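Residues per chain, in single letters:
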Amino acid sequence: MTATTEPSTTVVTGTIRYWAAAKAEAGVAEEPYRAASLAEALAQARARHAERPAFVRLLGICSYLVDSAPVGGRDHATVELTEGGTVEVLPPFAGG
């Protein structure tokens, strides 16, 4: 039997927290997600804030932490979320 590398399709709930410019552009500090992957949670955030194009663009250049672990360059579709977990949305910071 071969091990699979397919991402999980288990939908979980958690919280997305927005920091600095992401918080300002979203108009909220945090909101819930119901998704299996980081890509799904971010797609929901984009849809929920579609009337805020600056926020939608900003999500494309942010860094992300999932349950305190940096996502880095991983494909967001492969980053599984955990029940009760937290996604931190970190926009680029000046000087950093």
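Residues numbered from 1 in each chain as written. Predicted model: local features only at pLDDT ≥ 70, side-chain atom pairs only at ≥ 80, totals over all residues. Heavy atoms only, no water.

Trainee: Where do I start with the nonpolar core in this structure?
Mentor: Considering soluble globular proteins, one finds that nonpolar side chains tend to be buried as a cluster. Membership of the largest hydrophobic core comes to 22 residues, with the highest contact counts inside it found for Leu-38, Tyr-64, Leu-81, Val-87 and Val-89. At the level of elements, β1 (12-18), α1 (20-26), β2 (30-35), α2 (38-48), α3 (53-59), β3 (63-66) and β5 (85-90) are the ones that each hand at least two residues to this core. Not counting the four nearest positions on each side in its chain, Leu-81 is found in contact with Val-12, Tyr-33, Ala-35, Ala-36, Ser-37, Leu-38, Ala-41, Val-66 and Val-87. (Core = buried A, V, L, I, M, F, W, Y, C linked by side-chain atoms within 4.5 Å. Buried < 20%, exposed > 50% of the residue type's maximum accessible area, 1.4 Å probe, protein only. Helix = DSSP H or I, 4+ residues; strand = E, 2+ residues; numbered from the N terminus. Contact = heavy atoms within 4.5 Å.)

Trainee: What am I meant to see in the pattern of salt bridges here?
Mentor: Any two side chains of opposite charge can pair, given that their charged atoms come close. Tallying each qualifying case throughout the model produces four salt bridges. Residue Glu-30 is joined to Arg-17 by a salt bridge in which the shortest nitrogen-to-oxygen separation is 3.5 Å. Of this pair, Glu-30 sits in strand β2 while Arg-17 sits in strand β1, and the two are 13 residues apart along the sequence. Judged by its relative accessible area of 31%, Arg-17 is partly exposed. For Arg-52, the salt bridge is made with Glu-51, and the minimal N-O distance between the two is 3.8 Å. (Salt bridge = Lys/Arg side-chain N within 4 Å of Asp/Glu carboxyl O.)

Trainee: Looking at this structure, how should I read the packing of aromatic side chains?
Mentor: The geometry of two aromatic rings is summed up by the distance between their centres and the angle between their planes. Summed over the entire model, instances satisfying the criterion amount to one aromatic pair. Taking the centre distance of 5.3 Å and the plane angle of 85° together, the rings of Tyr-18 and Phe-55 count as edge-to-face. Of this pair, Tyr-18 sits in strand β1 while Phe-55 sits in helix α3, placing them 37 residues apart in sequence. Exposure class is identical for Tyr-18 and Phe-55. Each is buried. (Phe/Tyr/Trp six-rings, centres within 6.5 Å; stacked < 30°, edge-to-face > 60°.)

Trainee: Would you take a moment to explain the sheet that holds β3 for this structure?
Mentor: An order of β2-β1-β5-β3-β4 is seen for the five strands of this open sheet, with the pairing classed as mixed. The open sheet has two edge strands, β2 and β4 (69-70), and neither has a second partner. The pairing of β1 with β5 spans five bridges and is classified as parallel. Each bridged residue has a counterpart across the sheet, and for Arg-17 the counterpart in β5 is Glu-88. (Pairing = 2+ DSSP bridges.)

Purely geometric stuff here, so don't read any function into it on its own.
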